[in-house]
Amino acid sequence: MTQTQERTRTFTWSDPAGGAAHLGRRSGLELMRAMIAGELAAPPIMHLVDMSRMEAEEGRVAVELLPQEFHYNPLGTVHGGVLSTLLDTAAACAVHTTLPAGVGYTSLDLNVKFLRPVTVDTGLLRCEGTVLQRGRRTALAEARLTDPANRLAAHATSTCLIFPLP
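Residues numbered from 1 in each chain as written. Predicted model: local features only at pLDDT ≥ 70, side-chain atom pairs only at ≥ 80, totals over all residues. Heavy atoms only, no water.

Moving on: the overall build of the chain. Across its full length, the chain holds 4 helices and 6 strands. Along its sequence from the N terminus, the chain presents helices and strands in the succession α-α-α-β-β-α-β-β-β-β. Computed over C-alpha atoms, the radius of gyration of the chain comes to 17 Å, within 12% of the 15 Å expected from 2.2 N^0.38 for 166 residues, which places it in the range of a compact globule. Taken over the C-alpha atoms alone, the chain extends approximately 55 × 30 × 25 Å along its principal axes. Contacts in the chain between residues at least 24 apart in sequence constitute 64% of all its contacts with a sequence separation of at least 6. Of the roughly 9,500 Å² of accessible surface on the chain, 52% is carried by carbon and sulfur atoms. (Helix = DSSP H or I, 4+ residues; strand = E, 2+ residues; numbered from the N terminus. Rg over C-alpha atoms; globule rule 2.2 N^0.38 Å. Contact = heavy atoms within 4.5 Å. Areas by Shrake-Rupley, 256 points an atom, 1.4 Å probe, with all protein chains shown as cover.)

With 17 residues, helix α4 (residues 80–96) should cover 24 Å at 1.5 Å per step; its first-to-last C-alpha distance of 24 Å lies within 8% of that length. In terms of residue burial, α4 counts as a mostly covered element, since 13 of its 17 residues are buried. (Expected span 1.5 Å × (residues − 1). Buried < 20%, exposed > 50% of the residue type's maximum accessible area, 1.4 Å probe, protein only.)

Inspection of the entire model under this criterion finds 9 salt bridges. As a salt-bridge pair, glutamate 69 and arginine 7 come within 2.5 Å of each other at their nearest N and O atoms. Of this pair, glutamate 69 sits in the loop between β2 (60–65) and α4 while arginine 7 sits in the segment before α1 (17–20), and the two are 62 residues apart along the sequence. Put simply, glutamate 55 and arginine 126 hold a salt bridge, and the shortest N to O gap is 3.0 Å. Taken together, the residues glutamate 55 in strand β1 (residues 51–57) and arginine 126 in strand β4 (residues 125–134) connect sequence positions 71 residues apart. Members of the salt-bridge network, linked through shared partners, are Arg53, Glu55, Glu57, Arg60, Glu64, Arg126 and Glu128. (Salt bridge = Lys/Arg side-chain N within 4 Å of Asp/Glu carboxyl O.)

For the rest of this paragraph, the subject is the sheet that holds β4. The sheet built from 6 strands is open, its strands ordered β1-β2-β4-β5-β6-β3 with antiparallel pairing. Here the strands that pair on one side only, and so sit at the sheet edges, are β1 and β3 (103–114). With strand direction ignored, the average angle separating the axes of adjacent strands in the sheet is 20°. In this fold α4 packs onto β1, β2, β3, β4, β5 (138–146) and β6 (152–164), with an angle of close to 140° to the strand it touches most, β3. (Pairing = 2+ DSSP bridges. Axes fitted to C-alpha atoms, helices over the stretch in contact; angles between N-to-C directions.)

Once that is clear, we can look at the packing of aromatic side chains. Any two aromatic rings considered together are summarised by their centre-to-centre distance and by the angle between their planes. As enumerated under the stated definition, the model contains 1 aromatic pair in all. A centroid spacing of 5.5 Å and a plane angle of 40° characterise the contact between phenylalanine 11 and tryptophan 13, whose relative ring orientation is tilted. The lysine or arginine in question, arginine 9, covers the ring of phenylalanine 70, its NZ or CZ lying 3.8 Å from the ring centre. (Phe/Tyr/Trp six-rings, centres within 6.5 Å; stacked < 30°, edge-to-face > 60°. Lys NZ or Arg CZ within 6 Å of the ring centre and 35° of its normal.)

Attention shifts here to the nonpolar core. Counting residues in hydrophobic clusters, the biggest one holds 36 residues, and the most contacted among them are Met51, Leu65, Leu86, Leu87, Cys127 and Leu145. Counting residues per element, the ones that place at least two in this core are α2 (28–37), α3 (44–49), β1, β2, α4, β4, β5 and β6. If one sorts the elements of this core by residue count, α4 sits on top with 10 residues. Beyond its immediate sequence surroundings of up to four residues, leucine 87 is in contact with Val112, Cys127, Ala143, Arg144, Leu145, Ala154, His155 and Ala156. (Core = buried A, V, L, I, M, F, W, Y, C linked by side-chain atoms within 4.5 Å.)

Residues of α2 that are buried include every one of Gly28, Leu29, Leu31, Met32 and Ala34, and no others. Contacts from the buried residues of α2 go to α1, β1 and α4. Of the residues trailing α2, glycine 38 is marked for its positive phi of about 85°.

This is how it looks when you write it as structure tokens:
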């Protein structure tokens, strides 16, 4: 039997209801910018996965992630679900930046292509989401995950459903 050294991780988050209360009153871009500025709490998923340094402008969002051991799968690389979460966040939030107050969205699909393995040695990852097409009911976005050498590590496309908030 192999002996392993246990590690622990602790994180905190704010009640997500506080940010959700602003959904109908601010545009998507205003909400993203308020989160970036610290006026509104980031959603718990940002803390769970340890995403950082978000940027937002209309139709584009970027977020970063420094790969850590707690992201690993049994093969010793960052789990595809973690990378997919990063890609989904960037693509969907890019759509969110185009929405007026009172309009919401949800992901309909996420199509991911993993192009190279990611480990702690990869270094800081940057994921940039961009809206490719937005209509009244749906939007198409893409996200590109790159390493510090600007090599593409993963790519995703996402379709989002757009709807009025109740």
